[in-house]
Amino acid sequence: MEREIDRQLTYNKYKRKTNSILFLLIFPAITMLGLFLVLYLNNIISLVHLGTVYIPLMIVYLFMVFNMAPKLYYNKMFANYARLLIEKPQLLEVNKQLFTTSWIEQLKSDGYELVQEDMKHILLCKYYKKLPGIAQSDQTLVFLTIAKNKSFDFYSDDVDNGIQAFYMKHEHYEKIGKRITLQFKKYDTIDEKATEEVETAILYQAGKQILINLTFVYCNDKDSIFGLNPSKWYPNRYTYFAFTECKRICDIKD
């Protein structure tokens, strides 16, 4: 119970910071627009004189937006992350054996291209012109990182080098701003380390650029996948697709 309270407080903190920044950005814009309309429509000040006043104000406002936008994205990202952590991670039953040759071959036949494979991991990727069942979605790359041992680091140079090699091979994909990475690792039992890995996620969104990394742990004894519990709330349509795609490729029934 204490865990949920602490994480709720963390979410509330970042949510307040996000709302404060939004207020500081929106309120001046509405105020300037309102004053402009009142002064112009009532012929209080001529358009020429309004221009001499408002052009410098707009420059200052744009400078403020430019400086505050990174803070807005930062706090929004952590607010979304904190909200996903409020609920305890969930264990979902899978209807097929994972981490098998047949599973990997099925992923390939489903359109996932093998990007990289060594003694430590497998990296696959699938290109979507539009995410199936997701309205108003853009071009998206979905990577699957499958660890071959518990010690593998999903955020190591090995994975980054593999992704960069993929972009070098497919240069026309470099401008795609939406990227989802689903990371899979196998554990004998769900322990503290497994929970820590699952709770390490990336939910980055800045303008049209979105980067999502979610980790799922496969428990062979229970034929289940252990992952974050969104509790029917998702920060955006791409995060929703990430969870549904995990369920699809792992054959998890709702």
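In case you missed it, the structure is sitting above this.
Residues numbered from 1 in each chain as written. Predicted model: local features only at pLDDT ≥ 70, side-chain atom pairs only at ≥ 80, totals over all residues. Heavy atoms only, no water.

K.L.:
Looking at this model, I keep getting lost on the overall build of the protein. Mind explaining?
P.N.:
Per the secondary structure count, the protein includes six helices and eight strands. The helix and strand sequence of the protein, counted from the amino end, reads α-α-β-α-β-β-β-α-β-α-β-β-β-α. Taken over the C-alpha trace, the protein has a radius of gyration of 23 Å; the compact-globule value for 254 residues is 18 Å, which it surpasses by more than 25%. Oriented by its inertia axes, the alpha-carbon framework of the protein measures out at about 75 × 50 × 35 Å. Counting every position in the protein, which comprises 254 residues, the buried fraction comes to 39%. Pairs at least 24 apart in sequence give 73% of the contacts found in the protein among residues at least 6 apart. Of the roughly 14,700 Å² that the protein leaves accessible, carbon and sulfur atoms contribute 58%. (Helix = DSSP H or I, 4+ residues; strand = E, 2+ residues; numbered from the N terminus. Rg over C-alpha atoms; globule rule 2.2 N^0.38 Å. Buried < 20%, exposed > 50% of the residue type's maximum accessible area, 1.4 Å probe, protein only. Contact = heavy atoms within 4.5 Å. Areas by Shrake-Rupley, 256 points an atom, 1.4 Å probe, with all protein chains shown as cover.)

K.L.:
Please explain the layout of surface pockets as it appears in this structure.
P.N.:
The rolling of a water-molecule-sized probe over the atoms marks out the regions of remaining empty space. The calculated volume of the largest pocket comes to roughly 200 Å³. Around the largest pocket sit 15 residues that line it, and Gln-90, Leu-92, Pro-230, Tyr-234 and Lys-247 are the ones nearest its centre. Listing elements by their share of the lining of the largest pocket, those giving two or more residues are β1 (90–93), β8 (224–227) and α6 (237–250). With three residues, α6 is the single largest residue contributor to the lining of the largest pocket. Looking at the lining of the largest pocket residue by residue, the classes come out as nine nonpolar, four polar and two charged. A volume near 170 Å³ is recorded for the second largest pocket. Contributing to the lining of the second largest pocket are 13 residues, with Tyr-155, Val-159, Ile-163, Arg-179 and Asn-213 lying nearest its centre. Mapped by element, the contributors of at least two residues to the lining of the second largest pocket are α4 (157–169), β5 (178–187) and β7 (209–219). Among the elements that take part in the lining of the second largest pocket, α4 stands out by supplying four residues, more than any other. Grouping the constituent residues of the lining of the second largest pocket by class yields six nonpolar, five polar and two charged. (1 Å grid on protein atoms, 1.4 Å probe; cavity = no way out; pocket = protein on both sides within 12 Å on 5 of 7 lines; lining within 4 Å. Points joined across faces, edges and corners; volume = space filled by probe spheres on them. Nonpolar A, V, L, I, M, F, W, Y, C, P; charged D, E, K, R; others polar.)

K.L.:
In this structure, what is going on with the packing of aromatic side chains? I would like to understand it.
P.N.:
Remark: the centre distance and the inter-plane angle together describe each pair of aromatic rings, the angle taken between the planes. Following the criterion strictly, the structure yields 16 aromatic pairs and no others. On the basis of an interplanar angle of 25° and a centroid distance of 5.4 Å, the ring pair of Tyr-14 and Phe-78 is categorised as stacked. With Tyr-14 in helix α1 (residues 2–41) and Phe-78 in helix α2 (residues 47–86), this residue pair connects regions lying 64 residues apart in the sequence. Ring geometry for Phe-143 versus Phe-166: centroids 5.4 Å apart, planes at 80°, classification edge-to-face. Of the two residues, Phe-143 sits in strand β4 (residues 140–147) while Phe-166 sits in helix α4, which places them 23 residues apart along the sequence. Joined through ring pairs, the aromatic side chains of Phe-99, Trp-103, Phe-184, Phe-216, Tyr-218, Tyr-234, Tyr-240 and Phe-243 make up one cluster. Positioned over the ring face of Phe-154 is Lys-185, at 4.9 Å from the centre of the ring. (Phe/Tyr/Trp six-rings, centres within 6.5 Å; stacked < 30°, edge-to-face > 60°. Lys NZ or Arg CZ within 6 Å of the ring centre and 35° of its normal.)

K.L.:
How should I be thinking about a nonpolar patch on the surface in this particular structure?
P.N.:
On the surface, Leu-22, Ile-26 and Ile-30 cluster together into a nonpolar patch covering about 260 Å² of accessible area. Classification of Ile-30 as exposed rests on a relative accessible area of 55%. (Patch = residues over 30% accessible without salt bridge, like charges linked within 9 Å, V, L, I, M, F, W, Y side chains within 5 Å. Salt bridge = Lys/Arg side-chain N within 4 Å of Asp/Glu carboxyl O.)

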